Number of protein chains: 2
Amino acid sequence: MHDETITLESLIQHKNVNEIREYFDQYAMVDIADQVNALKDSKDILFLFKTVSNELTAELFSYLTPTTQERLIQLFTDKQIIDLLNHSYSDDVADFLGELPANLVQRILKNVNKTYREEINHLLRYQEGTAGSIMTPEYITLAMNTTVDEALEKIRRIGKDKETIQSMFVIDSKRFLIGVLPLEALVYHSGSTVLNTLMEIDFQRCLVSTTVEEVASIFKRYSLTVLPVLNETNHLVGIITIDDVLPLIDAIASEDILKMAAINPLDDVYKSTSPWIITKKSLPWILGLMVMGSISTVTINQFESMFQTVIILTAFIPMIMNTGGNAGNQSIAIITRAIATKELSLKDTHFILKKELLTAAMMSLITAGFSFIWIIALLSLQIVRYQSTFMVGSLSWLIDMARVSGLVSLTLLIAVFLAKILGSFLPLLAIQFKKDPAIMSSPFLTTLMDFSSLIIYFLLANFVFNFF
Amino acid sequence: MHDETITLESLIQHKNVNEIREYFDQYAMVDIADQVNALKDSKDILFLFKTVSNELTAELFSYLTPTTQERLIQLFTDKQIIDLLNHSYSDDVADFLGELPANLVQRILKNVNKTYREEINHLLRYQEGTAGSIMTPEYITLAMNTTVDEALEKIRRIGKDKETIQSMFVIDSKRFLIGVLPLEALVYHSGSTVLNTLMEIDFQRCLVSTTVEEVASIFKRYSLTVLPVLNETNHLVGIITIDDVLPLIDAIASEDILKMAAINPLDDVYKSTSPWIITKKSLPWILGLMVMGSISTVTINQFESMFQTVIILTAFIPMIMNTGGNAGNQSIAIITRAIATKELSLKDTHFILKKELLTAAMMSLITAGFSFIWIIALLSLQIVRYQSTFMVGSLSWLIDMARVSGLVSLTLLIAVFLAKILGSFLPLLAIQFKKDPAIMSSPFLTTLMDFSSLIIYFLLANFVFNFF
């Protein structure tokens, strides 16, 4: 959409001070931040920070990736750090301090004045992943007996330093939050109207300890743009605005997707994550699942003699393992997602299991029926060669083929049914024990289903080929 | 959070008209809708619709699930439909019409007046999944030479019928959009200020044909609460507000998660989706993957004689299949997610492949090293029994075990490396051919990796056991 021929990098290298400043007027900060993140030479970024105003650099800084932020802080003089902090919102500062190594955090905190330090410390104290850790203390409160005109006057006076004036927060004499006042209400009513007749009293709220997942779900459910945050004594201590929640919603979905694919969530965007970090986040799962999966190796090993007698059984191992795993993963994805979007919770267990039993019954029956015909086709067309002791085309030969096909499809019948039930049950079990349903799920289920399907297969085979 | 003892259902059954009305004052519409969706007797819902005001029922209706909406429309008289439509926003109406069967849509459209029908038809004409299909025409436009006082007067006059007054849209004499005016700006400036000095001129915009994925990403990237939509002639035709985008962001993530687990996205929430629909969305994948996976069956079948000679090889099939699949799925999840959140695009191909090559090299080497030791342990502790021809404990016996372990870990080295590269490459290939990277991915890769790992295994085994 934008003119890509003039890059910020070229402007910096030609030290085009005026054009750089124009560039900041012209482009959105998030787009500029992308270009700055990509600058290889930190000196170029330092030049940029000296060239544009402190207000702009403070905003730019909050958009940079943690990696770039850390790189910069290490190069900054104390004076530059003070300038940066004085022009940043305290929640942004708390945010990037949370990502920095301890020695840099100390260096920064000693550079700010006492009140500001307290504010940041306060924000830093809240556990990561809670409303407290993402809220900002920069909002406007109004007394309940204020008039519209007085409110507008206060907004004009202090509104520009606040994160939002889309909503103001009405407090009583004991500073309890009693109402939320959208800016619109001030426009629609005459100057002498008193706020307590205008404000919304059935507003949504959360606690500092509310999880960010819950915060995101409140925003979505009630279509909010701002949410007040209360402390343990029910006093207003911060607000969360929609622009802090949007990236959160994505981050939550990304975490779920990565966990389902057996990777620990990345702390930074892909581009800023080194191959080594990616390896550290994913390798333990690969090795762990390999170790767990050894149970399938041991199982096959135990039934070795059966394969030596009926070698054709080996060929269907992948089909049996994969189909069970796939079926289970489908259920896990559906249920985990409905839990993540707060559509389902533990109290729906009965409802879910009833529905999944029906689905499992239908799916396993159709899968078994289809696989029976498919395997007969593979065998009779000699796509899979089966050394029957009977003459090709004879009735006994046909029965022999149907026996193999019947064995595999009966295994699939049981395996798919079991996989669907486990796939619905495991995420519920996880939330029962206050574990994350996403991490409990796909990789574990796959390992579990591999083992279970093989056991079912071998037990049935033992029965079919010895006693039939 | 709410008092759960008094349910809407009990109020309806006792025909407590006043308490029902109070209930609507007290609770958020989305919470009420949940209760209404759960009502089994449609007569209860009809009673509710007769009891509360048309404004409230129209709002309630827009929160109901498509299934409940359809159920109701079929029971409504023409008069009730007219009342409902007259009190609904046109984008909400277009939304639920999009879900209804054609005969019901016709019945509804014949009940509305001409202007309204044109507005709805206009909205319906836009393809599902585009900005046009989710925008609303209910916004305020202002001429560029309007003053702050005139603007406020217009907002007070018509603002309440509009979807939002958080931002107004400034147009020139040819009705081209030239600026966006946040309500805040009106508060901060004196009554006689002319708008064209206040409005934001570097605002974000999109076209009616822009995909909802792109819309969501613009909202996230630029922290917007409203986005103007332009038609082919660059005229403003609608706006999209953040509350329409929030559920979209979730829906996009859910779709990706389901697609990665090989299910076609559900059209409705889990609770309203019947077991049969779930089966229809997931079964084709199970059967399709089973058919595709038969290539592994054929492969094993071809190498049958090898298993009869060295039976121990069978036991490691699950480990080899799963590890390759897991490794590949990790890469797919990381890359697909970074593409979905617009962090990565085709132009990053070179960057991604370079980074993944490094990651793949590290991961495959460590996996191979670890598995070599692990398998030696399994064999020498007799957890997996291996009938070597040599005396237990002799050097030849040790070499024999190292040969099996070496074969498996060498297979894993190649398979993990290949899986990582394919896992990064397949999503990019998908977007190159304008396909959805999520659907191209996990299930296909698993099938592909099963087959590839087996071939690598067998070729190496053939080499190791015949020529070593």
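Residues numbered from 1 in each chain as written. Chains lettered and ligands numbered in written order. Predicted model: local features only at pLDDT ≥ 70, side-chain atom pairs only at ≥ 80, totals over all residues. Heavy atoms only, no water.

1. Quick notes on the overall build of chain A
We count it as follows: Numbering of helices and strands starts at the N terminus; helices are DSSP runs of H or I of at least 4 residues and strands are runs of E of at least 2. When we talk radius of gyration, it's over C-alpha atoms, and the globule rule is simply 2.2 Å times the number of residues to the 0.38. Think of it in three bands: with a 1.4 Å probe and only protein chains considered, a residue is buried below 20% of the maximum accessible area for its type, exposed above 50%, and partly exposed in between. Here, two residues are considered to be in contact whenever any of their heavy atoms come within 4.5 Å of each other. Computed with the Shrake-Rupley method and a 1.4 Å probe, the accessible areas treat only the protein chains shown as cover for residues. Here the positive residues are Lys and Arg and the negative ones are Asp and Glu; neither His nor the chain ends is included. To locate a charge, take atom NZ for lysine, CZ for arginine, CG for aspartate or CD for glutamate.
Looking only at helices and strands, one finds 22 helices and 6 strands in chain A. At 31 Å, chain A has a C-alpha radius of gyration far larger than the 23 Å of a compact globule built from 468 residues. Looking at chain A residue by residue over its 468 residues, the buried ones come to 56%. Taking all contacts inside chain A whose residues are at least 6 apart in sequence as the whole, residues at least 24 apart take part in 67%. For chain A, the exposed area adds up to about 20,400 Å²; of that, 58% sits on carbon and sulfur atoms. Between the centroid of the 36 positive side chains of chain A and the centroid of its 49 negative side chains there is a distance of 5 Å.

2. Some points on the sheet that holds strand S1 (residues 141-143) of chain B
Residues and elements named next belong to chain B. For the record, the criterion: Any two strands with at least two DSSP-identified bridges between them are counted as paired. Axis geometry follows a simple rule: fit a line to the C-alpha atoms, using only the stretch in contact for helices, then measure angles between N-to-C directions, giving values from 0 to 180 degrees.
If you trace the 3 strands from one edge of the open sheet to the other, you get S1-S2-S3, paired in mixed fashion. Each edge of the open sheet carries a strand with a single partner, namely S1 and strand S3 (177-182). Taken over all neighbouring pairs, the strand axes of this sheet differ in orientation by 35 degrees on average, direction set aside. As paired elements, strand S2 (residues 167-171) and S3 share 5 bridges and run antiparallel to each other.

3. Quick word on a negative patch on the surface
We apply this condition: Without a salt bridge and with relative accessible area above 30%, a residue can belong to a patch; like charges are then joined within 9 Å and nonpolar side chains (Val, Leu, Ile, Met, Phe, Trp, Tyr) within 5 Å. Each salt bridge in this description consists of a side-chain nitrogen of Lys or Arg and a carboxyl oxygen of Asp or Glu lying within 4 Å of one another.
There is a patch of like negative charges on the surface, built from Glu19(A), Glu22(A), Asp25(A), Glu200(B) and Asp202(B). Checked against the element boundaries, Asp25(A) lands in helix H2 (residues 17-26).

4. Here we look at the packing of aromatic side chains
The cut-off we apply is this: To pair, rings of Phe, Tyr and Trp, with the six-membered ring standing in for Trp, must have centres within 6.5 Å; the planes then decide the type, stacked if under 30 degrees apart, edge-to-face if over 60, and tilted in the middle. Distance and angle both matter: a charge sits over a ring if NZ of Lys or CZ of Arg is within 6 Å of the ring centre and within 35 degrees of the ring normal.
Following the criterion strictly, the structure yields 14 aromatic pairs over all chains and no others. Seen from their ring centres, Phe303(A) and Phe458(A) are 4.7 Å apart, and the 35 degrees between their planes marks the pair as tilted. Taken together, the residues span a long stretch of sequence, with Phe303(A) in the loop between helix H16 (275-302) and helix H17 (304-309) and Phe458(A) in helix H22 (residues 442-467) at a distance of 155 residues. Taking the centre distance of 5.9 Å and the plane angle of 85 degrees together, the rings of Tyr139(B) and Phe169(B) count as edge-to-face. A residue pair is termed long-range when its members are at least 10 positions apart, and Tyr139(B) in the loop between helix H11 (131-134) and S1 and Phe169(B) in strand S2 qualify at 30 residues. Assessed through its relative accessible area of 13%, Tyr139(B) is described here as buried. The ring of Tyr188(B) is capped by Lys160(A), whose NZ or CZ atom sits 4.7 Å from the centre of that ring. Here Lys15(B) stacks its cationic end above the ring of Phe47(B), 4.3 Å away from the centre of that ring.

5. A short note on the domain arrangement of chain A
To keep it simple, the criterion reads: Boundary definitions for the domains trace back to an automatic or database domain assignment.
Under the domain assignment used here, chain A contains domain 1 (8-125), domain 2 (141-260) and domain 3 (270-467). The distance between the C-alpha centroids of domain 1 of chain A and domain 3 of chain A comes to 52 Å.

6. Quick word on the pattern of salt bridges
This model, assessed by the stated rule, comprises 14 salt bridges over all chains. Here Lys220(A) and Asp250(B) are joined by a salt bridge, their closest N and O atoms 2.5 Å apart. Here Asp250(B) lies in helix H15 (residues 242-260) and Lys220(A) lies in helix H14 (residues 212-221), a pairing that spans two chains. Asp250(B) carries the same exposure label as Lys220(A), and that label is buried. Note that Arg403(A) is salt-bridged to Asp400(A), the shortest N-O span being 3.1 Å. On the criterion of helical spacing, the pair formed by Arg403(A) and Asp400(A) is a turn pair, its members being 3 residues apart in helix H21 (residues 395-432).

7. Overview of the interface of chain A and chain B
To be explicit about the condition: Joining two parts hides part of their accessible area as seen by a 1.4 Å probe, and the buried area is that hidden amount summed over both.
In this complex, chain A contributes 115 residues to the contact, which on the side of chain B involves 114 residues. Taking both partners together, chain A and chain B bury about 10,600 Å²; carbon and sulfur atoms supply 67% of that area. Looking only at chain A, the three residues that lose the most surface to chain B are Tyr188(A), Tyr270(A) and Met290(A), adding up to 8% of its buried area. A salt bridge links Asp31(B) to Arg221(A); the shortest N-O distance between them is 2.6 Å.

8. Points about the packing of helix H3 (residues 29-38) of chain A against helix H5 (residues 54-63) of chain A
All names here are of chain A. Formally: Orientation labels follow simple angle bins: below 35 degrees gives roughly parallel, above 145 gives roughly antiparallel, 65 to 115 gives roughly perpendicular, and whatever is left gives oblique. Residues are grouped as follows: nonpolar covers Ala, Val, Leu, Ile, Met, Phe, Trp, Tyr, Cys and Pro; charged covers Asp, Glu, Lys and Arg; every other residue, Gly included, is treated as polar.
Packing of H3 against H5 brings their axes to within 9 Å, and their N-to-C directions diverge by 70 degrees. Classed by the angle they form, the pair H3 and H5 counts as roughly perpendicular. For the pair H3 and H5, contact is made by Met29, Val30, Ile32, Ala33, Val36 and Asn37 and by Leu56, Glu59, Leu60 and Tyr63, respectively. Among the residues forming the contact of H3 with H5, the class breakdown is 8 nonpolar, 1 polar and 1 charged.

9. Some words on the relation of the copies chain A and chain B
In plain terms, the rule: The copies are overlaid by a least-squares fit using only the C-alpha atoms of residues whose pLDDT is at least 70 in both copies.
Here chain A sits on chain B after a turn of 180 degrees about the axis and a move of 0.0 Å along it, with an RMSD of 0.1 Å. The relationship between the two copies is best expressed as a two-fold rotation axis. Looking at the interface residues of chain A, 99% of them are also at the interface in chain B, so both copies use one shared face.

10. Here we look at the packing of helix H19 (residues 317-340) of chain B against helix H21 (residues 395-432) of chain B
Residue and element names in this part refer to chain B. To keep things clear, this is the line we draw: With the far helix as reference, a near helix turned anticlockwise by less than a right angle produces a left-handed crossing, and one turned clockwise produces a right-handed crossing.
Where H19 meets H21, the closest approach of the two axes is 8 Å, and the angle between their N-to-C directions is 30 degrees. What the angle tells us is that H19 and H21 run roughly parallel. The hand of the H19/H21 crossing is right-handed. Residue-level inspection shows Met319, Ile320, Thr323, Gly324, Ala327, Gly328, Gln330, Ser331, Ile332, Ile335, Thr336 and Ile339 of H19 in contact with H21, the latter providing Val408, Thr411, Leu412, Val416, Ala419, Lys420, Gly423, Ser424, Pro427, Leu428 and Ile431. Residues that form the contact of H19 with H21 fall into these classes: 13 nonpolar, 9 polar and 1 charged.

11. Focus on the sheet that holds strand S5 (residues 226-230) of chain B
Pairing between the strands of a sheet comes from backbone hydrogen bonds, and it takes one of two forms, parallel or antiparallel. Residues and elements named next belong to chain B. Spatially, 3 strands are ordered S4-S5-S6 in an open sheet, and the strand pairing comes out mixed. Edge positions in the sheet fall to strand S4 (206-207) and strand S6 (236-241), since each of these pairs with one other strand and no more. Bridge analysis of S4 against S5 gives 2 bridges, and the strand direction is parallel. Within S5, the position partnered with Leu207 by the bridge is Leu230. Of the strands in this sheet, S4, S5 and S6 are in contact with helix H14 (residues 212-222), which crosses S5 at around 140 degrees.

12. Observations concerning the side chain of Glu138(A)
Residue position: Glu138(A) is located in the loop between helix H11 (131-134) and strand S1 (141-143). Beyond its immediate sequence surroundings of up to four residues, Glu138(A) is in contact with Tyr89(A), Ser90(A), Asp91(A), Glu119(A), Asp161(A), Lys162(A), Glu163(A), Thr164(A) and Ile239(A).

13. What to know about the environment of Val52(A)
All names here are of chain A. Structurally, Val52 can be placed in the loop between helix H4 (42-51) and H5. On a C-alpha basis, the gap between Val52 and Tyr457 in space is 70 Å, while along the polypeptide they are 405 residues apart. Those residues within four positions of Val52 in sequence are excluded, and the remaining contacts are Ile20, Arg21, Phe24 and Thr57.

14. A few points about the side chain of Thr57(A)
All names here are of chain A. Within the secondary structure, Thr57 is located in helix H5. A relative accessible area of 3% places Thr57 in the buried class. Among all residues touching Thr57, those that are not within four sequence positions of it are Leu48, Phe49, Val52 and Leu84.

15. Description of the pairing of S3(B)
When you tally the buried positions in S3(B), you get 5 out of 6 residues, the bulk of the element. If you look at the hairpin formed by S2(B) and S3(B), you'll find 5 residues sitting between the two strands, and Arg175(B) has a positive phi there, around 65 degrees.

16. Quick look at the pairing of strand S6 (residues 236-241) of chain A
All names here are of chain A. Of all 6 residues that make up S6, 6 are buried, and the element is covered over most of its length. The sheet contact formed by strand S5 (residues 226-230) and S6 spans 5 bridges and is antiparallel. By the bridge assignment for S6, Pro228 is matched with Ile239.

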